[in-house]
Amino acid sequence: MTTTTNWPAAGPDMESVFAQYDDPLGALSRAEIPAIILRQAYKPAHCQALIQRFIDRGLMRDPAAEAEENAPTRIDIGTSLGQRGNDKEEFLRHSQETHALFNELFEGYDDPVKTMYGNLSQLVVGKEAMVAREPDGSLYGPAIFRVHYTHHAYRPHIDHVTLREKRFDYEVSRFKHQFAGVLCMQNTATTGQATQAILHRCFWTEEIQPHIANDSFYNYAADNDIPKFQVDLEPGDLYFFNTGLIHEVPALEGDDPRIVLAVFIGYSEDDPEIFVWS
């Protein structure tokens, strides 16, 4: 793993995390740590079985089959606020479909969504984690599977419902911090580790945005000695990080798609609730 030595992640299990930090999510909000990494939080064999189920049910295309021309390099299984949030009524309707799908999709295997929420709930100190909802009780999507095929990458960016997406008409906009939880279901290779993300110890600001827009952030980071952390995961590994920090996802280097289960998490120091959505 290539990373700096002065900005280590917390992990590799829950006991170790709490041996290092009394309030892990608080530490994450202040960028005291780049990530919380929980190794083998989910059974790798169940990852493989569920991916085959996704293929058999037509939820994702078989990577062994020849792709059609202009086939998308990213497929979502679930409801994305980022992709569907411009139409709130449609977003909430689609979220209901995702809840119904996930209620039966994992039959016979450990539920990876429950694994995500269960581990997050253990990290919560003095707060309650729950599926994000509007004041009338309408639920957001609980989580989303993202399937990334060859050459799909994300340049340095942030994810934030207010700082980036300006979605002030959604209840999740009340939270100051936004985290992500990512469960690795499949790497870009059948064995070994693969880089899931590179996290930079640099919060987004208006002053940083020009470097994001003109693709000069790497120079800025080098000139300012900004630490970074490379996240390498194997199937079944789970990590949480602060999406208000500049981060990136390298392009694929193998034939297999990168598949993750992902959530966003709304967190404020003075809010007793933590909202989770996709």
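Anything mentioned here points back to the structure above.
Quantities reported herein were computed from a predicted structural model and do not represent experimental measurements.

So, how was this worked out
- Residues numbered from 1 in each chain as written.
- Predicted model: local features only at pLDDT ≥ 70, side-chain atom pairs only at ≥ 80, totals over all residues.
- Heavy atoms only, no water.
- Helix = DSSP H or I, 4+ residues; strand = E, 2+ residues; numbered from the N terminus.
- Buried < 20%, exposed > 50% of the residue type's maximum accessible area, 1.4 Å probe, protein only.
- Contact = heavy atoms within 4.5 Å.
- Phe/Tyr/Trp six-rings, centres within 6.5 Å; stacked < 30°, edge-to-face > 60°.
- Lys NZ or Arg CZ within 6 Å of the ring centre and 35° of its normal.
- 1 Å grid on protein atoms, 1.4 Å probe; cavity = no way out; pocket = protein on both sides within 12 Å on 5 of 7 lines; lining within 4 Å.
- Points joined across faces, edges and corners; volume = space filled by probe spheres on them.
- Nonpolar A, V, L, I, M, F, W, Y, C, P; charged D, E, K, R; others polar.
- Pairing = 2+ DSSP bridges.
- Polar contact = N/O pair within 3.5 Å; in protein donor to acceptor, adjacent residues only side chain to side chain.
- Salt bridge = Lys/Arg side-chain N within 4 Å of Asp/Glu carboxyl O.

(A) Region of the structure containing the environment of L120. Mapped onto the secondary structure, L120 falls in helix α6 (residues 112–123). By relative accessible area, which is 1% here, L120 ends up buried. A C-alpha to C-alpha distance of 28 Å links L120 and H152, two positions 32 residues apart in sequence. For L120, the residues in contact, after removing those within four places along its chain, are L25, A129, F240, I265 and V276.

(B) Broad picture of the packing of aromatic side chains. Using the criterion set out here, one finds 12 aromatic pairs in the structure. In this structure an aromatic cluster arises from ring pairing among F54, F102, F106 and F145. Above the plane of the ring of Y267 lies K127, whose end atom (NZ or CZ) is 5.3 Å from the centre. Directly above the ring of F275 sits R174, whose terminal nitrogen or CZ lies 4.6 Å from the centroid.

(C) Inspection of the layout of surface pockets at higher detail. The computed volume of the largest pocket comes to approximately 590 Å³. Lining the largest pocket are 31 residues, and of these R146, Y154, H157, D159 and F264 lie nearest its centre. Among the elements that make up the lining of the largest pocket, the one with the highest residue count is strand β11 (residues 258–267) (5 residues). When its residues are assigned to classes, the lining of the largest pocket shows 15 nonpolar, 9 polar and 7 charged.

(D) Quick peek at the pairing of strand β6 (residues 177–186). Counting buried positions over the 10 residues of β6 gives 10, a clear majority of the element. Two strands pair when backbone bridges link them, and β6 and strand β9 (residues 238–242) are joined in this way by 5 bridges, in the antiparallel orientation. Paired with L183 across the bridge in β9 is L238.

(E) Layout of unusual backbone geometry. In this structure, P12 follows G11 across a cis peptide bond, with omega equal to 15 degrees. For P12, the position within the fold is in the segment before α1 (14–20). Even without glycine at this site, A31 takes up a positive phi of about 60 degrees. Located in the positive-phi region is D225, a residue other than glycine, with phi close to 50 degrees. Turning to its location among the elements, D225 is positioned in the loop between α8 (217–223) and β8 (228–233).

(F) Highlighting the side chain of S29. One can find S29 in helix α2 (residues 24–29). Here S29 falls in the buried class, since its relative accessible area comes to 3%. At 2.6 Å, the side chain of S29 forms a polar contact with the backbone oxygen of G26. With sequence-adjacent residues up to four places away left out, S29 is seen in contact with H177, F179, F203, N242, Y267 and E269.

(G) Structural context of the side chain of H177. Turning to its location among the elements, H177 is positioned in strand β6. Classification of H177 by relative accessible area gives buried; the value is 10%. Of the polar contacts made by the side chain of H177, one reaches the side chain of E269; its length is 3.0 Å. Not counting residues up to four positions away in its chain, the partners in contact with H177 are S29, H160, N242, I265, G266, Y267 and E269.

(H) Representation of the pattern of salt bridges in the model. A complete count under the given rule lists 16 salt bridges for this structure. One salt bridge connects R155 with D215, and the closest N-O pair in it is separated by 2.8 Å. Of the two residues, R155 sits in strand β5 (residues 154–157) while D215 sits in the loop between α7 (209–213) and α8, which places them 60 residues apart along the sequence. By relative accessible area, R155 is classed as partly exposed at 46%. By relative accessible area, which is 44% here, D215 ends up partly exposed. Across the pair R174 and E273 runs a salt bridge, and its minimum N-O distance is 2.8 Å. Here R174, found in the loop between β5 and β6, pairs with E273, found in strand β12 (residues 273–277); they are 99 residues apart in sequence, far enough to count as distant. On the accessibility criterion, R174 (33% relative accessible area) is partly exposed. The partly exposed category is assigned to E273, whose relative accessible area is 26%.

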